[in-house]
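Observations on the model geometry
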Amino acid sequence: NITTGNVSALSGAAGNQGLFQISAPIQPGSSGGPVLDRYGQLIGVVVSKLNDNYGLAASGSVPQNVNFAIQLRELKAFLGQQGVDYQQSRLSDISEHAATSRAAQDYTVAIRCQG
């Protein structure tokens, strides 16, 4: 599935510079999913959403679409530390969501990490 959203903030909760905030709705199981720009380029990886109970207690309302992704530089650093090779592609102008989804299938793979 693909959904749309915006980058809402260039940092995560409490100013965490390793994350950025997105407005795209995410569901349980979305963690690890790619965050793509309008060109189909990977810009981050979904990691979490603001806890509804925390938002309710802090503000009196349930937060809507306050979600977080790992910054690309953090992902690159992690892959490098793990010895995982990756390729960066050049920008291509993908303007339709369906085309972005099809293109992403070519370079999105499931990775299972054991700790």
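Here is a short report on the structure shown in this document. Just so it is clear, the structure is predicted and the values come from calculations on it, not from any experiment. The numbering scheme is per chain: residues are counted from 1 as the chain's sequence reads. Note on the predicted model: pLDDT of at least 70 is required for a residue's local features to be given, and 80 or more for side-chain atom pairs to be given and counted; whole-chain, interface and lining totals, by contrast, use all residues. To obtain the side-chain values, all non-hydrogen atoms of the structure were used and water was disregarded.

1. Quick notes on the nonpolar core
In this structure, Phe20, Ile22, Ile26, Val35, Val46 and Ala69 together form the largest nonpolar core, which totals six residues. For Ile26, the contacting residues outside a window of four places in its chain are Val46, Ser48, Lys49 and Asn67. Residues grouped as a nonpolar core are buried Ala, Val, Leu, Ile, Met, Phe, Trp, Tyr and Cys residues, joined through side-chain atoms within 4.5 Å. Only protein chains enter the area calculation, which uses a 1.4 Å probe; residues under 20% of their type maximum are buried, those over 50% are exposed, and those in between are partly exposed. A contact between two residues is defined here by any heavy atoms of the two lying within 4.5 Å.

2. Topic: the side chain of Asn67
Helix and strand definitions here come from DSSP, where helices need a minimum of 4 consecutive H or I residues and strands a minimum of 2 consecutive E residues; each element is numbered from the N-terminal end. Within the fold, Asn67 resides in strand E5 (residues 67–71). A polar contact of 2.7 Å, which involves the side chain of Asn67, links it to the backbone oxygen of Ala24. Residues contacting Asn67, with those up to four places away along its chain left out, are Phe20, Gln21, Ile22, Ser23, Ala24, Pro25, Ile26, Ser48 and Lys49. For the purposes of these results, a polar contact is taken to be a pair of N or O atoms within 3.5 Å, where, inside protein, one atom must be able to donate a hydrogen and its partner to accept one; residues adjacent in sequence count only when each atom of the pair is a side-chain atom.

3. Some words on unusual backbone geometry
If you check the backbone angles, Ala14 has positive phi at about 55° while not being a glycine. Overall, Ala14 belongs to the exposed group, its relative accessible area being 89%. Residue Asn65 is not a glycine yet carries a positive backbone phi of 55°. Within the element layout of this structure, Asn65 appears in the loop between helix H1 (52–59) and E5. Of the residues examined, Asn65 reaches a relative accessible area of 36% and is grouped as partly exposed.

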